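Structure at a glance
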Amino acid sequence: MPVSNPVPGPASDGASAPVPDGGHLDISRRRLLGTVGAAGAAGLVIGAAGGAGIASAVSGDGPVTGAGGPRALTSVGSTEVAFHGRHQPGITTPLQSRGHLVAFDLAPGAGRKEAAALLRRWSATARTLMAGKAPSADTGIALDAGPSSLTVTFGFGRTFFDRTGLAARRPMQLDPLPSFSNDAVDPKRSEGDLWVQIGADDSLVAFHALRALQKEAGDAARVRWQMNGFNRSAGATSRPMTARNLMGQVDGTNNPRTTDPDFDRRIFVPAGATGAQDWMADGSYAVVRRIRMLLDDWEGLTREKQERVIGRRKADGAPLSGGSETTPLDLDKRGPDGKLVVPDNAHARISAPEQNGGAAMLRRPFSFHDGIDADGAPDAGLLFVCWQADPLRGFVPVQRKLDRGDALSPFVRHESSGLFAVPGGAAEGEYVGQRLLES
C-alpha cells in the first residue's frame, strides 16, 4: 500500500485556476476551499488538465444556473464534471468525499450484444446524472442536489472478454496479478466482469448513482461485490491539504502530476495503441485492493515509531530527512548516530519511484469503515485504487518490493483484489467501450 504516492501537492490560494479551453475561472478563496477541500487546490487544475474538467463553478454568493435550471447554492453542489472527453472522468478528477466501488458479472447467457446494450444504457445514465439531471423513472434520492462533482467510471475485467467472445482483444496487461505474501484475498470480493467507480461530494448523490446503475443492469448483469468509501469533506480544513488516511498519515504526497512531462506516458495508454490494445487508446488500467488496516496494532506504536515506519512526519507529511511535505526524500542522509534518517525499511523509501526504476502510478483511494469485528477491532482501512498505463510496470514492481521488507506490512492486510481495463473516454454520441464492443 504505497501511502507515499498521492494527490498532487498543495498550490497557492490564488483566485483563478486553468480550465480546459485555456481560460481562467475566477473563484474566491472561500469558494476554492469549499470546492476543493482535502484534495488540494492543485486537484482543481488536475481535473481540468486531465480532460475531466470542472464544467461549472461559482464566484460570489448567487446560484449557478445551467441547462437544467437553478443549481445548488453552494460550490460543493454546483460543481460539474464532464462525462465526455479524451479520458474517462474519475481518474484525474479531484478526490471526492464519497465513493462506491462495485463489480458486476454478466448474467448466464448474456454476451457481447447484451454487454453493448448495457454499456449504452449505463453511459446515458451516467451522462445525465453527472449533469445534475434526473434519469427517467427517477427514485428522487438526490432531489434538490446539484451534480456535486459526480463521476462514474467503467472498466472491464479479464473474464469479460471470454464471456463476450472477445478473448482475442484482451490485452496482456490484464494478465492476473501475482500473489503477494501479505494477501488474504477473498475471491468473492475480488475481480469481476465489469467494474464501476462512483465518486461525489455528496453521499446521496453518490448513492443515487449507485442505485440507478444497479437498476439499469436489469437482467444483463448482477452485482458481484460492492464497497463504500469516503474522504475528508470539501471545506473541512482551513486551507487545501493532501488527504489523510485512517492511520492519521498524510497520504498522497508524491502522486504523479498532470504537469509532469511523462504523466500521460505513465498513466494512460498511448493514443496510437495498436493490436489488442487499439480500443484502449487514452485509457488506463485500475488496480483495486481492499486493504485492511490493523489499527489497534498501529495505534499501539508511539508517534516516533509510526513516523519511522512511514519515513515521514505525521504532523505535516514532511520527510524525516527534513523540509516540507513536498521536499524530496534525502535517502542518503544520516543522523548523528550514523544511521539513515529515513530507515532502510521505511514505506516512503521502498515505494519511492527512484527505488523502483521509475515505476509510478496515480493513487486515488477512499477510506472505508465497515463496522466492528467480534473481537472489537475496527474493520477499516483503504479502498486502494491506482491508475497506470501498464500494471506490470506500475503497481506490480512496487508491490513486489514492498512485499520483501516494508515496515508497514505488519499493520495492513490485502483482503480483495481486482484489475480492470478502463477504456478512454466516450466522444459525443458514443458510449464507453463502443470501440471494443462494436469493432
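Cut-off values and rules
Residues numbered from 1 in each chain as written. Predicted model: local features only at pLDDT ≥ 70, side-chain atom pairs only at ≥ 80, totals over all residues. Heavy atoms only, no water. Phe/Tyr/Trp six-rings, centres within 6.5 Å; stacked < 30°, edge-to-face > 60°. Helix = DSSP H or I, 4+ residues; strand = E, 2+ residues; numbered from the N terminus. Buried < 20%, exposed > 50% of the residue type's maximum accessible area, 1.4 Å probe, protein only. Core = buried A, V, L, I, M, F, W, Y, C linked by side-chain atoms within 4.5 Å. Contact = heavy atoms within 4.5 Å. Axes fitted to C-alpha atoms, helices over the stretch in contact; angles between N-to-C directions. Parallel < 35°, antiparallel > 145°, perpendicular 65-115°, else oblique. Left-handed = near helix turned anticlockwise from the far one by under 90°. Nonpolar A, V, L, I, M, F, W, Y, C, P; charged D, E, K, R; others polar.

1. Structural notes on the packing of aromatic side chains
In the structure shown here, the tally under the stated rule is 12 aromatic pairs. Ring plane angle 50° and centroid distance 5.9 Å describe the contact between W195 and W387, whose orientation is recorded as tilted. Here W387 lies in strand β14 (residues 378-388) and W195 lies in strand β9 (residues 194-200), a separation of 192 residues in the sequence. By the burial criterion, W195 is buried, and W387 matches it. Three or more aromatic residues joined by ring pairs form one cluster here, namely F156, F160, F161 and W279.

2. As for the nonpolar core
One finds W122 and F154 to be the most contacted residues of the largest nonpolar core, which totals 73 residues. Counting residues per element, this core draws most heavily on helix α4 (residues 112-130), at eight residues. With residues up to four places along the chain from it excluded, the contact list for W122 reads F104, F154, L194, V196, L213, E216 and A217. Membership of the second largest hydrophobic core comes to 19 residues, among which are A286, V288, F366 and F368.

3. Looking at the environment of A271
By the secondary structure assignment, A271 is in the loop between α7 (263-267) and β11 (284-293). Remark: the alpha-carbon pair of A271 and D282, spanning 11 residues in sequence, is separated by 5.3 Å. Beyond its immediate stretch of four places on either side in the chain, A271 contacts A281 and D282.

4. Regarding the packing of α4 against helix α6 (residues 203-217)
Close contact between α4 and α6 brings their axes to 10 Å; oriented N to C, the two are set at 155°. The angle between α4 and α6 places the two elements in the roughly antiparallel class. In the packing of α4 onto α6, the handedness of the crossing is right-handed. Residues L118, R121, W122, T125 and L129 of α4 form the contact with α6, whose participating residues are H208, A209, A212, L213, E216 and A217. Broken down by class, the residue content of the contact of α4 with α6 amounts to seven nonpolar, two polar and two charged.

Everything listed here is a matter of coordinates, which is why it stays silent on function.
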